[in-house]
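Summary of structural features
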Amino acid sequence: MTDFVAPASTDDTPIEPTLPGGWELVVGLEVHVELDTATKLFCGCANQFGSEPNTNVCPTCLGLPGSLPVMNETAVALAMRLGRALGCDVNRSVMARKNYFYLDMPKDFQTTQYDQPTNSDGKIELGDGFVVGIERAHIEEDTGKSTHVGGGGRINDAEYSLVDYNRAGVPLVEIVSRPDVRTIEHAKAYVEELRGILLATGVSDARMEEGSMRVDANVSVRPHGSDELRTRCEIKNINSVRSLGRAIDYEARRHIDLWTNAGAPDQETRHWDEEGGRTTSGRSKEDADDYRYFQEPDLVPLEPSSEEIAAIDASMPMLPAARRAALLAASDADADAIGILVERGQDELAMVAIDSGADGDKVVTRLVNDLAVDDWSNVTAESFTALIQMESAGDLSATQAKQVLGDLIEKGGDPAALAAARGFEAMDTGELESLVDQLIADHPDEWSRFSRGDDGDRKKMQGFFTGQIMKATQGQADGKAVAQLLAQKSA
Amino acid sequence: MSERISRGDVEHVARLARLELTDDEIDLFTGQLGDILEHAADIEALDVGDIEPTSHPLPLVNVLRRDEIVASVDRDEVLAQAPANEAGQFRVPPVLGEEP
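Residues numbered from 1 in each chain as written. Chains lettered and ligands numbered in written order. Predicted model: local features only at pLDDT ≥ 70, side-chain atom pairs only at ≥ 80, totals over all residues. Heavy atoms only, no water.

Side note on the overall build of chain B
From N to C terminus, chain B includes three helices and three strands. In chain B, the succession of α and β elements from N to C terminus is α-α-β-α-β-β. Over its C-alpha atoms chain B spans a radius of gyration of 22 Å, topping by over 25% the 13 Å that the globule rule assigns to 100 residues. Based on the C-alpha atoms only, the size of chain B along its principal axes is roughly 55 × 45 × 25 Å. Within the span of chain B, comprising 100 residues, buried residues form 20% of the whole. (Helix = DSSP H or I, 4+ residues; strand = E, 2+ residues; numbered from the N terminus. Rg over C-alpha atoms; globule rule 2.2 N^0.38 Å. Buried < 20%, exposed > 50% of the residue type's maximum accessible area, 1.4 Å probe, protein only.)

Thoughts on the sheet that holds strand 10 (residues 160-164) of chain A
On the basis of which strands lie adjacent, the open sheet formed by four strands has the order 9(A)-10(A)-3(B)-2(B) and antiparallel pairing. Edge positions in the sheet fall to strand 9 (145-149) of chain A together with strand 2 (85-86) of chain B, since each has one partner strand and no second. Here strand 10 of chain A runs beside strand 3 (residues 89-92) of chain B; their pairing, made up of three bridges, is antiparallel. Paired with A:Val163 across the strands is B:Phe90, a residue of strand 3 of chain B. (Pairing = 2+ DSSP bridges.)

What about the domain arrangement of chain A?
By the assigned domains, chain A splits into domain 1 (18-311), domain 2 (320-421) and domain 3 (429-490). For domain 1 of chain A versus domain 3 of chain A, the separation of C-alpha centres amounts to 62 Å. (Domains from an automatic or database assignment.)

Quick notes on the interface of chain B and chain A
Reports of interface size often rely on the accessible area that becomes lost once the parts have come together. Of the residues lining the interface, 38 residues belong to chain B; the matching set on chain A comes to 59 residues. Together, the buried faces of chain B and chain A total about 4400 Å²; carbon and sulfur atoms form 56% of this surface. Of the charged contacts in the structure, one is a salt bridge between A:Glu73 and B:Arg66, with a shortest N-O distance of 3.7 Å. At the boundary of chain B and chain A, one finds 21 residue pairs in polar contact (both at pLDDT 80 or more). Among the elements that take part in the side of chain B that touches chain A, strand 3 of chain B stands out by supplying four residues, more than any other. Of the residues belonging to the side of chain B that touches chain A, the class tally is 19 nonpolar, eight polar and 11 charged. One ladder, built from two bridges, connects strand 3 (residues 71-72) of chain A with strand 1 (residues 64-65) of chain B; its direction is parallel. Opposite A:Asn72, over in strand 1 of chain B, you have B:Arg65 as the bridge partner. (Contact = heavy atoms within 4.5 Å. Buried area = accessible area lost by both parts, 1.4 Å probe. Salt bridge = Lys/Arg side-chain N within 4 Å of Asp/Glu carboxyl O. Polar contact = N/O pair within 3.5 Å; in protein donor to acceptor, adjacent residues only side chain to side chain. Nonpolar A, V, L, I, M, F, W, Y, C, P; charged D, E, K, R; others polar.)

Some thoughts on unusual backbone geometry
The phi dihedral of A:Ala206 is positive, around 50°, even though this residue is not glycine. One non-glycine residue, B:Arg18, lies in the positive phi region at around 55°. You can see B:Arg18 is positioned in the loop between helix 1 (7-16) and helix 2 (23-44). Residue B:Arg18 is classed as partly exposed on the basis of its relative accessible area of 42%.

Points about the pairing of strand 2 (residues 23-34) of chain A
Residues and elements named next belong to chain A. Burial runs high along strand 2: 12 of the 12 residues are buried. Burial along strand 2 is two-sided: Trp-23, Leu-25, Val-27, Leu-29, Val-31 and Val-33 and Glu-24, Val-26, Gly-28, Glu-30, His-32 and Glu-34, pointing in opposite directions, are all buried. In terms of strand pairing, strand 2 meets strand 12 (residues 213-223) through 11 bridges, oriented antiparallel. Bridging across to strand 12, Leu-25 finds its partner in Val-221. Bridging between strand 2 and strand 11 (residues 171-177) involves five bridges; their strand directions are antiparallel. Across the sheet, the residue bridging to His-32 is Glu-174, located in strand 11.

Some points on the packing of aromatic side chains
One pair of aromatic rings is described through two measures. These are the centre distance and the angle between the planes. According to the stated counting rule, one finds eight aromatic pairs over all chains in the structure shown. Residues A:Tyr165 and B:Phe90 carry aromatic rings whose centres are separated by 5.4 Å and whose planes lie at 55° to one another, so their mutual orientation is tilted. With one member in each of two chains, A:Tyr165 in the loop between strand 10 and strand 11 and B:Phe90 in strand 3 form a pair that bridges those chains. Judged by centre distance (5.6 Å) and plane angle (80°), the ring pair of A:Trp447 and A:Phe465 falls under edge-to-face. (Phe/Tyr/Trp six-rings, centres within 6.5 Å; stacked < 30°, edge-to-face > 60°.)

Overview of the sheet that holds strand 5 (residues 95-99) of chain A
Residues and elements named next belong to chain A. In space, the three strands of this open sheet follow the order 6-5-16, with antiparallel pairing throughout. Of all the strands in the sheet, the pair left with one neighbour each is strand 6 (109-113) and strand 16 (294-295). Bridge count between strand 5 and strand 6: five bridges; the pairing is antiparallel. Bridge pairing in strand 6 links Arg-97 to Thr-111.

Some details on a negative patch on the surface
A grouping of A:Asp332, A:Asp334, A:Asp336, A:Asp359 and A:Asp361 is seen on the molecular surface, where their side chains present a negatively charged patch. Here A:Asp361 lies in helix 8 (residues 360-370). (Patch = residues over 30% accessible without salt bridge, like charges linked within 9 Å, V, L, I, M, F, W, Y side chains within 5 Å. Areas by Shrake-Rupley, 256 points an atom, 1.4 Å probe, with all protein chains shown as cover. Lys, Arg positive; Asp, Glu negative; His and termini not counted. Charge placed at Lys NZ, Arg CZ, Asp CG, Glu CD.)

Considerations on the pattern of salt bridges
Residue and element names in this part refer to chain A. Taken as a whole and judged by the stated rule, the model has 37 salt bridges over all chains. Between Arg-246 and Glu-274 there is a salt bridge, with the nearest N and O atoms lying 2.9 Å from each other. Taken together, the residues Arg-246 in helix 3 (residues 241-261) and Glu-274 in the loop between strand 14 (269-273) and strand 15 (278-281) connect sequence positions 28 residues apart. On the basis of relative accessibility, which here comes to 8%, the residue Arg-246 falls in the buried class. According to the relative accessible area criterion, Glu-274 is partly exposed, its value standing at 35%. Taking the shortest distance from any N to any O, the salt bridge between Arg-254 and Glu-251 comes out at 2.8 Å. Of this pair, Arg-254 and Glu-251 both sit in helix 3, three residues apart, which is roughly one turn of the helix. Accessibility classification places Arg-254 together with Glu-251 in one group, the buried group. Overlapping salt bridges bring together Glu-34, Asp-142, Arg-167 and Arg-214 as one network.

Quick word on the nonpolar core
One finds A:Ile175 and A:Tyr190 to be the most contacted residues of the largest nonpolar core, which totals 62 residues. With residues near it in sequence (within four places) discarded, A:Ile175 still touches A:Leu29, A:Glu30, A:Val31, A:Val33, A:Leu82, A:Leu86, A:Ile134, A:Arg136, A:Ala137, A:Tyr190 and A:Leu194. (Core = buried A, V, L, I, M, F, W, Y, C linked by side-chain atoms within 4.5 Å.)

Some points on helix 1 (residues 73-85) of chain A
Residues and elements named next belong to chain A. An ideal rise of 1.5 Å per residue puts 18 Å on 13 residues; helix 1 measures up with 18 Å between its terminal C-alpha atoms. Every buried residue belonging to helix 1 is among Ala-75, Val-76, Leu-78, Ala-79, Met-80, Arg-81, Leu-82, Gly-83 and Ala-85, and all of these are buried. Taken from the residues just after helix 1, Gly-87 is the one with a positive phi, measuring 70°. (Expected span 1.5 Å × (residues − 1).)

Now the structure itself:
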């Protein structure tokens, strides 16, 4: 046994295209997503996360003798919708049994698709234009959940296990990428992009922390410039995008060390150990995959008509890549900032505000910085646009606009009314001017440094006067108007 | 003893299904499975070049149900059928190895 233990991964240092020693990283990703249906794939039990154990079960999902599966139409519709969003061909498909003996499947087989998947040959384009091929996106059922008791929760030392079958039979789509990814950053971006597509299409809530989106990574390395595919290991138990980066980083270094010092790694399933920052060997060799797939005799083929597929295409919402492109064209703002807004689903707010004449860059910046909250459901495109217009017109200072946005996030409503409730009224120029005059009279030294000093002095003193005015007006003065007044008076 | 399947194959398949077979049973099933494969080979010998492959005997596709919740079964009743339960869950012997 030459199980090399590489130093644990400590952070998500990106390994960029060429690894140490002239190696290249090759990654394929398998992502399981739970479909957002009311019921399970083959029975009417609720598809619900967080229920009391074994309360969403019936003879079908418990695999009791005599029960028969009947396919859920919404699950099929969502799977095909995802397929089209990924640019896949939607095919005639057949369900199959994947036979294995394990406590998470009471039937002792998982109903899935094998040689005739629903979706094949698609792609995902990442934010920077890199394209990852999708081999297939097939329908299958989820498995039950087991808890290992005793032995510190570790499976090999457990005294016994407890099984909850609420999740058994929940509809999944497994999206299998081609081994196109060459960097950790692209692996992470792929998962983020897929998540964005799942949310935009309403196929899944894609919550990694609740397990409704689960990522396995197939990792191998090869000499840079070669096109061979070397022995890969499948890394499971990755619970976040950050862990994905760490797991690939560790595994790539482990492979390089093996190839350099010991020879080919074993092709196997490995588990990511989040705390230890390393992967560990999963099953023993004699348990190698031998699933004896065969067609599921209790379910008939799925055969979508071309009309059905056309209807899916016609109802497809704008996907993240197209939304980024649209906002970029409209705003000319920073690409990363635009990416953040699309990810948060705030690009619609930006587009409406920009369409109404607001400055694109300003809108994007304001949203990125000041709407970085989990719940912004009270903010509508109309109210946000009205707020931006009040700010641009000088009715609100930047500080006041920020405060009103805070109120909008909290309780929603009309920004003009919210501003009035806070007592924010556009300070009239005369009032502001008399304040400035008073300050100049009170601080003659500072004023002479402002009006006659060098650029550094001038800048410093502009800060001083602006600060004093903001203090006197409790942030209500418009910074731009103050700057103008100061410039006029020193001219 | 059939040439189409070996005792080793039968032992392997039995192990995958977690079936414990005696030597006599392995002999018995090796013979019986061999006969089944022999029958399949007879069919394989036929010329079926111009026959559409069928996955199912009935010409049915798209048998679907509405996505509507149906009441689940009573948990206590279900758990009572299992050899052991604890905290609303099925209690099973320790399992060696990770999930497939």
